[in-house]
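Below are the chains, spelled out letter by letter.
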Amino acid sequence: EQLEMERRESRGVYFRLVKEPDAESKRTAFEQALAHRRAGQPDSHVYEYRQGDFAAISGGPWVYWITPGLLNLFRRNKSIGDLTRTHCGMTTSDNERYLRFWWEVGPSRYDRRCLTVKDSVQSRAKWFPYMKGGRFKRWYGNQALVVNWLNDGAEIIESPSFPRARTEYFRRGVTWTELTTGKFAARLSPGGFIFDVKGSSAFPEDIPLVLGLLNSSFANYALNLINPTVSVQVGDVARLPVPNQSSGPLRELVNRAVGLARVDSEEDETTYEFSAPPAWPDAVKRVTARHRDLAVVEKEIEEEVYRLYEISPDDRRAIEEELAAASESSDDAEEGEVAGEEVAATEEAASLTIEELAQRWVSYAVGIALGRFARAGLEHLIDADGLMVVHADHPDDLAQRVIDILSAIHSEAEASRIVRTAIGGNGDLRDALASYLLGPFFKAHVRQYRKRPVYWLLQSPKQNFSVYLFHERATDNTLALLQGKRYLGGRIFQVTEQLNQAKQKELSTEGKERAQWKRKAQDAAEELSDLDALRKAIDDTNAEPIVNAEGQPATARWAPEFDDGVLLNAAPLYRLTPAWKRADAKLDLSKVWKALHAGEYPWAKTAMRYWPRETLAACKDNKSYRIAHGLE
């Protein structure tokens, strides 16, 4: 006991050199600090610290540079863990199988209304909203995923997963991103969500208080003390001290911050809550003003948190200096992935530009045209089958329909202004928009929807014929419809007529005119060959040779399987999607098709459609696969 007492009272001397930029600077700083120490002179690199004080913070981190005042906060205050349990969420064991972006399955196939586990069982839905960390975002957002939790997670539970804290699912609370290269970011979990280990959560009675504390500079500083890594654990959050009193003003400020952040979500078409893009044309000013208002509210929250903790000016200065140094060291860190997981970036997204605003309106008009979005009074401009060509003078020409929709919402002049602002350039408006839709738009759409596009660009091999399909409208008859006279069949008939006419004119004319008709005949023949190649590709796709479950030769036609997700669902269409690989090298559907054939996805309905014998064999000794295919 005496030895323990002596150990606790003994004082260590520490040299802190983390702020020095390189090894040579560290060596020089250490030599100078050591000389100052020996001479009895102060030095900012040198700290003395009582050994027993390490125990003041749960877990005993070696934070010898902490000020006495801040150390006392950990000694005298309760912790978040005293107010509420912090919960480590689910580990699915196979995200590719069990998680989808919500737009992959579509709103009709997930349930956002459940507030209890009992609700989810009674809903009989398969997909439910899922919190999984994500990009740096405070207060509200990062709500893009759904998880397969049919029958209270029967399929997941039978696989090597870890569905922790199941009694807390669907509750309203606070969630945060586990992996971060910079600032810690917490958000409201508004209820209705299951949560992941990367989006661990807490469910306090006073949600605004805890949310405000977690997004404060003090929490960021304290978490760096407790665990100076990129991975924030639930135990780290639980150890954070809380003020000894609550605060009505803090609750009000946090609720305002959540409300302001939520508006961004309502104006983003990739969110559950999207209603419409920001108002044209003055939204740039509005969004900038809203972000400025949020920054003001965040400063007020910061001041209230410092007041509640009763942090002295000197201690506040120590916090801010430490965070500034940490920010400098992470300036080069960008949003990316660590061990396959999304990492929170250090800053919020930049405010909206006029070009981005215009592009949002074009994308919104595409969504209305293809039947994804509804807007009162525009029902007559919605395509019934979600299938539209990009071809001038066709009644289902997507480019012209987008212009018509924008004109109906704004005016003809404003529609022209929106399109010009979105795509730049001059020339015919419809033709310029068509080129944009077939190039930059699709590439941006793939990026915006995280390589899981909602609108599928299907094309002939040489891209003479292009059609957009809204995947939620796809049926087992979609490819036959595409081949019919309204679309591909009609175009083949037109080009055949053009070819015959050009050949006749070539025979009946002379000189320059004859050469012109010869060129037109060659162009028509080339286009016709391309169109015929698409027709054959559709034929092949709809008559895929297979061996059925009884071992007999058969054919399979494509039909959408939304539960499989966009990549597996679209994989059989690899012959029709040259634009996908051009938009992103990872969207080479022929590789996905080969992976399916190789048996990498035995749980997928697409695998059962094309390779039933192999898939049934995989199910034989795997209950989870049997549940996936409705065999148990």
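Here's what I pulled together on the structure shown here. Nothing here was measured: the structure is a model prediction, and the numbers come from that model.

1. Notes on the environment of serine 159
Turning to step 1, where the next piece is worked out: For serine 159, the position within the fold is in the loop between helix 8 (150–157) and strand 7 (173–176).
Turning to step 2, where the next piece is worked out: Residue serine 159 is classed as buried on the basis of its relative accessible area, which comes to 10%.
Turning to step 3, where the next piece is worked out: On a C-alpha basis, the gap between serine 159 and serine 93 in space is 7.7 Å, while along the polypeptide they are 66 residues apart.
Turning to step 4, where the next piece is worked out: At 2.9 Å, the side chain of serine 159 and the side chain of tyrosine 98 are in polar contact.

2. Brief notes about the sheet that holds strand 8 (residues 186–189)
Turning to step 1, where the next piece is worked out: Read from one edge to the other, the open sheet built from four strands follows the order 3-10-7-8, with strand pairing classed as antiparallel. The sheet terminates laterally at strand 3 (86–87) and strand 8, the two strands that pair on one side only.
Turning to step 2, where the next piece is worked out: In terms of strand pairing, strand 3 meets strand 10 (residues 201–202) through two bridges, oriented antiparallel. Directly across from histidine 87, in strand 10, lies its bridge partner serine 201.
Turning to step 3, where the next piece is worked out: Against the sheet, helix 9 (residues 207–214) touches strand 7 and strand 8, its axis set at about 20 degrees to strand 7.

3. Brief notes about the sheet that holds strand 4 (residues 99–101)
Turning to step 1, where the next piece is worked out: Pairing within the open sheet is mixed, and its four strands lie in the order 4-6-5-9. What marks the edges here is a single partner per strand, and that holds for strand 4 and strand 9 (194–195).
Turning to step 2, where the next piece is worked out: Where strand 5 (residues 127–131) and strand 6 (residues 145–148) come together, four bridges link them in antiparallel fashion. If you follow tyrosine 130 over to strand 6, its bridge partner there is leucine 145.

4. A word on the environment of leucine 357
Turning to step 1, where the next piece is worked out: In this fold, leucine 357 is placed in helix 15 (residues 354–369).
Turning to step 2, where the next piece is worked out: Judged by relative accessible area, leucine 357 falls into the buried class, the value being 0%.
Turning to step 3, where the next piece is worked out: Placed 78 residues apart in sequence, leucine 357 and alanine 279 show a C-alpha to C-alpha distance of 8.5 Å.

5. A word on the packing of aromatic side chains
Turning to step 1, where the next piece is worked out: Under the definition given, this model contains 30 aromatic pairs.
Turning to step 2, where the next piece is worked out: On the basis of an interplanar angle of 75 degrees and a centroid distance of 5.7 Å, the ring pair of tryptophan 456 and tryptophan 580 is categorised as edge-to-face. Separated by 124 residues along the polypeptide, tryptophan 456 in strand 14 (residues 455–459) and tryptophan 580 in helix 24 (residues 578–583) bring together distant segments of the chain.
Turning to step 3, where the next piece is worked out: Taking relative accessible area as the criterion, tryptophan 456 reaches 0% and is therefore assigned buried.
Turning to step 4, where the next piece is worked out: Residue tryptophan 580 is classed as buried on the basis of its relative accessible area of 0%.

6. Some details on helix 9
Turning to step 1, where the next piece is worked out: Most of helix 9 sits out of view: eight of its eight residues are buried.
Turning to step 2, where the next piece is worked out: Every buried residue of helix 9 is accounted for by Ile207, Pro208, Leu209, Val210, Leu211, Gly212, Leu213 and Leu214.
Turning to step 3, where the next piece is worked out: N-cap assignment for helix 9: the residue whose side-chain oxygen lies 3.2 Å from the backbone N of leucine 209 is aspartate 206.

7. Here we look at the packing of helix 21 (residues 488–508) against helix 22 (residues 511–541)
Packed helices, taken two at a time, are described by their axes: the angle between them and the distance between them.
Turning to step 1, where the next piece is worked out: Where helix 21 meets helix 22, the axes come as close as 8 Å, and the angle between the chain directions of the two elements is 155 degrees. Classified by the interaxial angle, the pair formed by helix 21 and helix 22 is roughly antiparallel. Two packed elements cross with a definite hand, and for helix 21 against helix 22 that hand is left-handed.
Turning to step 2, where the next piece is worked out: Residue composition of the contact of helix 21 with helix 22, by class: 13 nonpolar, one polar and nine charged.

8. Overview of the packing of helix 9 against helix 12 (residues 248–266)
Turning to step 1, where the next piece is worked out: Contact pair helix 9 / helix 12: the axes reach a minimum separation of 8 Å and the direction vectors enclose 75 degrees. Taken together, the axes of helix 9 and helix 12 are roughly perpendicular relative to one another. Between helix 9 and helix 12, the contacting residues are Pro208, Leu209, Leu211 and Gly212 on the first element and Leu250, Arg251, Val254, Asn255 and Val258 on the second.
Turning to step 2, where the next piece is worked out: Residues that form the contact of helix 9 with helix 12 fall into these classes: six nonpolar, two polar and one charged.

9. Details of the nonpolar core
A general feature of soluble globular proteins is that nonpolar side chains tend to end up buried together.
Turning to step 1, where the next piece is worked out: Ranked by size, the top nonpolar core spans 124 residues in total, and within it Leu398 and Tyr468 carry the most contacts.
Turning to step 2, where the next piece is worked out: Leaving out residues up to four positions away in the same chain, tyrosine 468 has contacts with Leu370, Gly386, Leu387, Met388, Val390, Leu398, Leu437, Phe441, Phe442, Tyr455, Trp456 and Leu457.
Turning to step 3, where the next piece is worked out: Counting 56 residues, the second-largest nonpolar core is a separate cluster that includes Tyr49, Ala202, Ile301 and Tyr306.

10. Focus on unusual backbone geometry
Turning to step 1, where the next piece is worked out: Cis peptide bonds are those with omega within 30 degrees of zero, and the linkage from tryptophan 280 to proline 281 qualifies with 5 degrees.
Turning to step 2, where the next piece is worked out: Mapped onto the secondary structure, proline 281 falls in the loop between helix 12 and helix 13 (283–309).
Turning to step 3, where the next piece is worked out: For asparagine 142, which is not glycine, the phi torsion reads 55 degrees and is therefore positive.
Turning to step 4, where the next piece is worked out: Positionally, asparagine 142 belongs in the loop between strand 5 and strand 6.
Turning to step 5, where the next piece is worked out: On the accessibility criterion, asparagine 142 (16% relative accessible area) is buried.
Turning to step 6, where the next piece is worked out: One non-glycine residue, asparagine 151, lies in the positive phi region at around 55 degrees.
Turning to step 7, where the next piece is worked out: One can find asparagine 151 in helix 8.

11. Structural notes on the pattern of salt bridges
Turning to step 1, where the next piece is worked out: Throughout the structure, instances matching the rule amount to 44 salt bridges.
Turning to step 2, where the next piece is worked out: Taking the shortest distance from any N to any O, the salt bridge between arginine 166 and aspartate 152 comes out at 3.1 Å. Of this pair, arginine 166 sits in the loop between helix 8 and strand 7 while aspartate 152 is found in helix 8, placing the two residues 14 residues apart along the sequence.
Turning to step 3, where the next piece is worked out: By relative accessible area, arginine 166 is classed as partly exposed at 32%.
Turning to step 4, where the next piece is worked out: For aspartate 152, a relative accessible area of 23% translates into the label partly exposed.
Turning to step 5, where the next piece is worked out: Arginine 626 is the salt-bridge partner of glutamate 632, the closest N and O atoms lying 2.7 Å from each other.

12. Describing the side chain of glutamate 506
Turning to step 1, where the next piece is worked out: If you trace the backbone, glutamate 506 turns up in helix 21.
Turning to step 2, where the next piece is worked out: The side chain of glutamate 506 sits in the buried core without any salt bridge; arginine 514 is the nearest counter-charge, 4.9 Å away.
Turning to step 3, where the next piece is worked out: Discounting chain neighbours no more than four positions away, the residues touching glutamate 506 are Arg514, Trp517, Lys518 and Ala521.

13. A word on the pairing of strand 16 (residues 544–547)
Turning to step 1, where the next piece is worked out: Side-chain alternation along strand 16 places Glu544 and Ile546 on a buried face and Pro545 and Val547 on a face that remains uncovered.
Turning to step 2, where the next piece is worked out: Of the strand pairs in this sheet, strand 16 and strand 17 (residues 553–556) are connected by four bridges, and their pairing is antiparallel. Bridge assignment links glutamate 544 to a residue of strand 17, and that residue is alanine 556.
Turning to step 3, where the next piece is worked out: Count of turn residues in the strand 16/strand 17 antiparallel hairpin: five residues, of which glycine 551 carries a positive phi of about 85 degrees.

Basis of the calculations
Residues numbered from 1 in each chain as written. Predicted model: local features only at pLDDT ≥ 70, side-chain atom pairs only at ≥ 80, totals over all residues. Heavy atoms only, no water. Helix = DSSP H or I, 4+ residues; strand = E, 2+ residues; numbered from the N terminus. Buried < 20%, exposed > 50% of the residue type's maximum accessible area, 1.4 Å probe, protein only. Polar contact = N/O pair within 3.5 Å; in protein donor to acceptor, adjacent residues only side chain to side chain. Pairing = 2+ DSSP bridges. Contact = heavy atoms within 4.5 Å. Axes fitted to C-alpha atoms, helices over the stretch in contact; angles between N-to-C directions. Phe/Tyr/Trp six-rings, centres within 6.5 Å; stacked < 30°, edge-to-face > 60°. Parallel < 35°, antiparallel > 145°, perpendicular 65-115°, else oblique. Left-handed = near helix turned anticlockwise from the far one by under 90°. Nonpolar A, V, L, I, M, F, W, Y, C, P; charged D, E, K, R; others polar. Core = buried A, V, L, I, M, F, W, Y, C linked by side-chain atoms within 4.5 Å. Salt bridge = Lys/Arg side-chain N within 4 Å of Asp/Glu carboxyl O. Lys, Arg positive; Asp, Glu negative; His and termini not counted.

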